[in-house]
Amino acid sequence: MSGEEIKKKIEHNNAQLELIESSSIMKFILNPKAAAIIAENKKLQAECPHEFENGICIYCGVEEQNGN
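Anyway, here's the lowdown on the structure attached to this text. (Residues numbered from 1 in each chain as written. Predicted model: local features only at pLDDT ≥ 70, side-chain atom pairs only at ≥ 80, totals over all residues. Heavy atoms only, no water.)

### Some details on the nonpolar core
Stage number 1. Core analysis: the biggest nonpolar cluster contains seven residues, these being Ile6, Ile10, Leu44, Cys48, Cys57, Tyr59 and Cys60.
Stage number 2. In this view, Leu44 contacts Met1, Ile6, Lys9, Ile10 and Asn13; residues no more than four positions away in its chain are not counted. (Core = buried A, V, L, I, M, F, W, Y, C linked by side-chain atoms within 4.5 Å. Buried < 20%, exposed > 50% of the residue type's maximum accessible area, 1.4 Å probe, protein only. Contact = heavy atoms within 4.5 Å.)

Shown next, in the form of structure tokens:
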């Protein structure tokens, strides 16, 4: 996937998470759908071609890791 495709998918996933959080009585982290979306975002972040601006990837939102 390109960086832009990853960005769009993560934005979509985050919107889904917001809907789950606002409409669920269950604790957010216990919701299986939310857990699956979070896992997918982590997978997308791992394959992202990162382009950092001010220490944050413009596509997936991951923070830039310094060598420390």
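### Quick notes on the environment of Glu4
Stage number 1. Inspection of the secondary structure assignment puts Glu4 in helix H1 (residues 3-23).
Stage number 2. Here the alpha-carbon distance between Glu4 and Cys60, two residues 56 residues apart in the chain, equals 8.9 Å. (Helix = DSSP H or I, 4+ residues; strand = E, 2+ residues; numbered from the N terminus.)

### Side note on the side chain of Asn41
Stage number 1. Along the chain, Asn41 falls in helix H2 (residues 32-47).
Stage number 2. Judged by relative accessible area, Asn41 falls into the buried class, the value being 9%.
Stage number 3. Setting aside anything within four residues of it in sequence, one finds Asn41 in contact with Ile10, Asn13, Asn14 and Leu17.

### Structural notes on a negative patch on the surface
Stage number 1. A contiguous patch of negative charge, built from Glu4, Glu11, Glu51 and Glu53, is present on the exposed surface.
Stage number 2. Residue classification places Glu4 among the partly exposed residues on the basis of a relative accessible area of 42%. (Patch = residues over 30% accessible without salt bridge, like charges linked within 9 Å, V, L, I, M, F, W, Y side chains within 5 Å. Areas by Shrake-Rupley, 256 points an atom, 1.4 Å probe, with all protein chains shown as cover. Salt bridge = Lys/Arg side-chain N within 4 Å of Asp/Glu carboxyl O. Lys, Arg positive; Asp, Glu negative; His and termini not counted. Charge placed at Lys NZ, Arg CZ, Asp CG, Glu CD.)

### Comments concerning the environment of His50
Stage number 1. Mapped onto the secondary structure, His50 falls in the loop between H2 and strand E1 (52-53).
Stage number 2. Sequence separation of His50 and Glu63 is 13 residues, and the distance between their C-alpha atoms is 9.7 Å.
Stage number 3. Those residues in contact with His50, other than ones at most four positions away along the chain, are Gln45, Cys57, Cys60 and Val62.
Stage number 4. Within the structure, the side chain of His50 is placed 3.3 Å from the backbone oxygen of Gln45, a separation counted as a polar contact. (Polar contact = N/O pair within 3.5 Å; in protein donor to acceptor, adjacent residues only side chain to side chain.)

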